[in-house]
Amino acid sequence: MSEAAEVRAFWQGLGLPGLVDVHTHFMPERVLAKVWAYFDAVGPLTGRAWPITYREEEDQRVARLREFGVRAFTSMLYPHKPGMAAWLNSWSAEFAARTPDCLHTATCYPEPEAADYVAKALADGARVFKCHVQVGDYDPADPLLDPVWGQLAEAGVPVVTHCGSGPAPGKHTGPGPVAEVLARHPRLRLVVAHLGLPEYREFLELAERHPGVHLDTTMAFTEFSEELAPYPRELLPRLADLGDRVLLGSDYPNIPYPYVAQLRALAGLGLGDDWLRAVCHDNGARLFGLAAA
């Protein structure tokens, strides 16, 4: 069976109309090339071999997701320095316009212009934001971002945030900084990428305390991540209880294994078909207001 056939058999077997993947990467080609070069060089954040499984042209990568039956995905992109975010947002708006099944994604950075370009992105129809505290090396509680979080909370637009300390800790990773943000903006819809790897317990507790906090499954439970930071099995009942706020994420195309490995890993948890249906489609469809297929 081909990988596409296996992926489609997975969601069809659950009675779903497809998958909703909240954590996929599309970005300007020269930026993506630098990201791939970093993984190829076994950078200090990864510290291990990380072969890119889907090193293909953009149109091929989009076609593959469609072949898998992913009915909605994102273009997670993020700046690593000032002056990048507005340009990235312009690119992602154009990408969303020519790729209707991609949720219009935007980003930000702590800089004086942030409130203005975030307001523009929201006015242009951005439906999800991406923040990467680790790569950007900034404090999410930076006062320059305060108006940004306020705008996103008011608009109800989710922000997928890499704030956990995996694969290597940063100066501002961990639950503390984002907890400070949530104390100021309790209505913010924060999606914690990678289940907060490796601080699974702490981010699970954060989600239990804040009804607007969601968790995405990106790379979690796969053999690759379990070798790095295994998920404590005693936490699975609590993750099951939080099933309406867990979202499928994959990190496609920048993953060192096949896409279907993420789905196999989730199915292998034994949390039941209802949980899988919610995680792999229904929660994301509800969060983003997707029309019934």
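The rules behind these values
- Residues numbered from 1 in each chain as written.
- Predicted model: local features only at pLDDT ≥ 70, side-chain atom pairs only at ≥ 80, totals over all residues.
- Heavy atoms only, no water.
- Helix = DSSP H or I, 4+ residues; strand = E, 2+ residues; numbered from the N terminus.
- Rg over C-alpha atoms; globule rule 2.2 N^0.38 Å.
- Buried < 20%, exposed > 50% of the residue type's maximum accessible area, 1.4 Å probe, protein only.
- Contact = heavy atoms within 4.5 Å.
- Pairing = 2+ DSSP bridges.
- Core = buried A, V, L, I, M, F, W, Y, C linked by side-chain atoms within 4.5 Å.
- Right-handed = clockwise from strand over helix to strand, strands pointing away.

Draft legend 1. Quick look at the overall build of the protein chain. Helix and strand counts for the protein chain stand at 13 helices and 9 strands. Against the 2.2 N^0.38 benchmark of 19 Å for 293 residues, the protein chain shows a C-alpha radius of gyration of 17 Å, consistent with a compact globule. By its C-alpha atoms, the protein chain is 50 × 40 × 40 Å across when sized along the principal axes. The buried share of the protein chain, taken over its 293 residues, is 58%. At a minimum sequence separation of 6, the contacts of the protein chain that also span at least 24 residues come to 77%.

Draft legend 2. Region of the structure containing the sheet that holds strand β1 (residues 19-20). The parallel open sheet is built from 3 strands, whose spatial order is β1-β2-β3. For this open sheet the edge positions go to β1 and β3 (102-103), each flanked by a neighbour on one side alone. Direction of pairing for β1 relative to strand β2 (residues 70-74): parallel, over a ladder of 2 bridges. Bridge pairing in β2 places Leu19 opposite Val70.

Draft legend 3. Up close: the nonpolar core. Residues Leu19, Phe221, Leu239 and Tyr259 are the most contacted members of the largest nonpolar core, which totals 92 residues. Leu19 has contacts with Val7, Phe10, Trp11, Gly69, Val70, Arg71, Ala72, Leu248, Tyr259, Leu263 and Cys280, leaving out every residue within four places of it along the chain. Counting 12 residues, the second-largest nonpolar core is a separate cluster that includes Val20, Val22, Val191 and Leu247.

Draft legend 4. Here's a closer look at the pairing of strand β5 (residues 128-132). With 5 of 5 residues buried, β5 is to be regarded as a mostly interior element. Alternating positions in β5 separate into two faces, Val128, Lys130 and His132 on one and Phe129 and Cys131 on the other, with burial throughout. One crossover worth recording links strand β4 (residues 105-107) to the parallel β5 by way of helix α5 (residues 114-123), and it is right-handed. Inspection of the sheet shows β5 paired to strand β6 (residues 159-162) by 4 bridges, in the parallel sense. Residue pairing for β6: Phe129 is matched across the bridge by Val159.

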